Amino acid sequence: MPTRRDCVLGVASSLAAGLAGVLGLPGIGHAVPARRRYGHLIAVGGAEDRQRDRLILRRFLEISGGPQARLLVLTAASSDPAAAWEGYRRVFEELGAQRVEPLDFRSAEEANDPAAVQRILDADGIYLSGGDQRRLMAALWETAAARALHLAFHVRGCCIGGTSAGAAALSRQMLAIGEPTLRPYRDAVSLDIGLGLLASAIIDQHFNERHRLGRLLSALALRPDLLGVGIDEDTALLIERGRAIEVLGNGAVTLVDGRQMRSNVREADPEQPLQLLDVRVHLLPAGTRYELVDTDPDTPAPPPALRQALELLVRPGPIRG
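Conventions we followed
- Residues numbered from 1 in each chain as written.
- Predicted model: local features only at pLDDT ≥ 70, side-chain atom pairs only at ≥ 80, totals over all residues.
- Heavy atoms only, no water.
- Helix = DSSP H or I, 4+ residues; strand = E, 2+ residues; numbered from the N terminus.
- Buried < 20%, exposed > 50% of the residue type's maximum accessible area, 1.4 Å probe, protein only.
- Contact = heavy atoms within 4.5 Å.
- Areas by Shrake-Rupley, 256 points an atom, 1.4 Å probe, with all protein chains shown as cover.
- Core = buried A, V, L, I, M, F, W, Y, C linked by side-chain atoms within 4.5 Å.
- Pairing = 2+ DSSP bridges.
- Axes fitted to C-alpha atoms, helices over the stretch in contact; angles between N-to-C directions.
- Salt bridge = Lys/Arg side-chain N within 4 Å of Asp/Glu carboxyl O.
- pLDDT = per-residue confidence, 0-100.

**Q** Tell me about the overall build of the protein, residues and numbers included.
**A** Helix and strand counts for the protein stand at 10 helices and 16 strands. Going through the 321 residues of the protein one by one, you find that 55% of them count as buried. Summarising the internal contacts of the protein: among those between residues at least 6 apart in sequence, 75% fall at separations of at least 24. Taken as a whole, the protein presents about 14,000 Å² of accessible surface, with 49% of it coming from carbon and sulfur.

In structure tokens, the structure reads:
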């Protein structure tokens, strides 16, 4: 008689196969391995420590499954993919990873290659390097590889991390262009479409080091329905899908909630500083953790306004094809 575990794995395999067909991933429906884990996102603010404790990369390896996990380093954002790969290869191998490989796309044609797509679906952890998020999305936009990333995250529970440009591209609304500005302006930033693994936020990186609060506020003036997530260098926001958040590393994550904001963005001239009222800001230093389900009664609960923001942050978005 089948056990409960067999039934769960069978349902997951059937769901994976069906979604592979819906998402247009030819010939791989039966080859999507089932996995009983929550999906994790790790958005890194850039310049993560690779020399000393390497807390963020160590945690990425741990969540992905440990030394035997199948890791991919996706270097499509980098202008020098060989150098980007070599840097992460050395670190992950020193941390004990035994199965880590590079993956690079320079064109949509390469991102539609069935062999590359299958490698994404087989991976336990996928790490997106830094570089230029526009270069990354130019290679991945409307490709089988982008759809496979969604399938890997939503169905298999793959851990997907991204640093700097790789972090910016995790969200649906991606901050594409924008110079640091002391004050928010209507035309200070340009938004574009990212991978959409994080549905309800805009991510900015190198946040306090490059004085990007004005830039993030400018983006939220255009999209006040979203959360702003500013991540410091050597700092990561870990999101356990639907369950919890944690701040890793040595800096802080700044959450900017403008959903109740009133602004003059529609009336303001392009170079006129914006008026932004009723903006909430939450500063979460490294070591902060909030669980939103199955919480320990002895653990302090987040205040209501922060809890509402965190619930939006961990809410699963749609599988996009």
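Next comes the rest of the account.
**Q** Describe the nonpolar core, naming the residues involved and giving the relevant values.
**A** Side chains of a nonpolar character, in soluble globular proteins, are inclined to be buried together. Core analysis: the largest hydrophobic core is formed by 60 residues, its most contacted members being Phe105, Ile120, Ile126, Leu140, Ile160 and Leu313. Counting residues in each nonpolar core, the second largest holds 22 residues, with Ile63, Trp85, Tyr88 and Ala236 among its members.

**Q** Can you tell me about the sheet that holds strand β8 (residues 201–205), naming the residues and giving the values?
**A** Overall, mixed pairing links the 4 strands, which are arranged β8-β9-β12-β15 in an open sheet. What marks the edges here is a single partner per strand, and that holds for β8 and β15 (280–285). Sheet twist, expressed as the mean angle between neighbouring strand axes with direction ignored, is 20°. Direction of pairing for strand β12 (residues 252–257) relative to β15: antiparallel, over a ladder of 6 bridges. For Asp257, the partnering residue across the bridge sits in β15 and is Arg280. Running at roughly 160° to β8, helix α9 (residues 213–222) makes contact with β8, β9 (227–231) and β12 of the sheet.

**Q** Break down the pattern of salt bridges for me, citing the residues and quoting the values.
**A** Inspection of every chain in the model, using the stated rule, returns 20 salt bridges. As a salt-bridge pair, Glu101 and Arg119 come within 3.1 Å of each other at their nearest N and O atoms. Placement of Glu101 in strand β3 (residues 99–103) and of Arg119 in helix α5 (residues 114–122) is noted, with a sequence separation of 18 residues between them. Judged by relative accessible area, Glu101 falls into the partly exposed class, the value being 42%. Across the pair Glu291 and Arg289 runs a salt bridge whose closest N-O atoms are separated by 3.2 Å. For Arg289, a relative accessible area of 29% corresponds to the partly exposed category. A network of salt bridges, in which partner residues are shared, links Arg59, Glu240, Glu246, Arg289 and Glu291.

**Q** A description of the environment of Asp132 should follow, citing residues and the corresponding values.
**A** As for its placement among the helices and strands, Asp132 is situated in the loop between β4 (125–128) and α6 (133–140). In sequence terms Asp132 and Ala77 are 55 residues apart; their C-alpha atoms lie 5.0 Å from each other. Every residue in contact with Asp132, bar those within four places of it in the chain, is listed here: Ala77 and Ala165.

**Q** Tell me about the confidence of the model for the protein, residues and numbers included.
**A** Of all residues in the protein, 88% attain a pLDDT of 70 or more, and the chain-wide mean is 90. Low pLDDT, under 50, characterises residues 1–19; the stretch is placed with 15 contacts to residues that sit more than four places away or in other chains.

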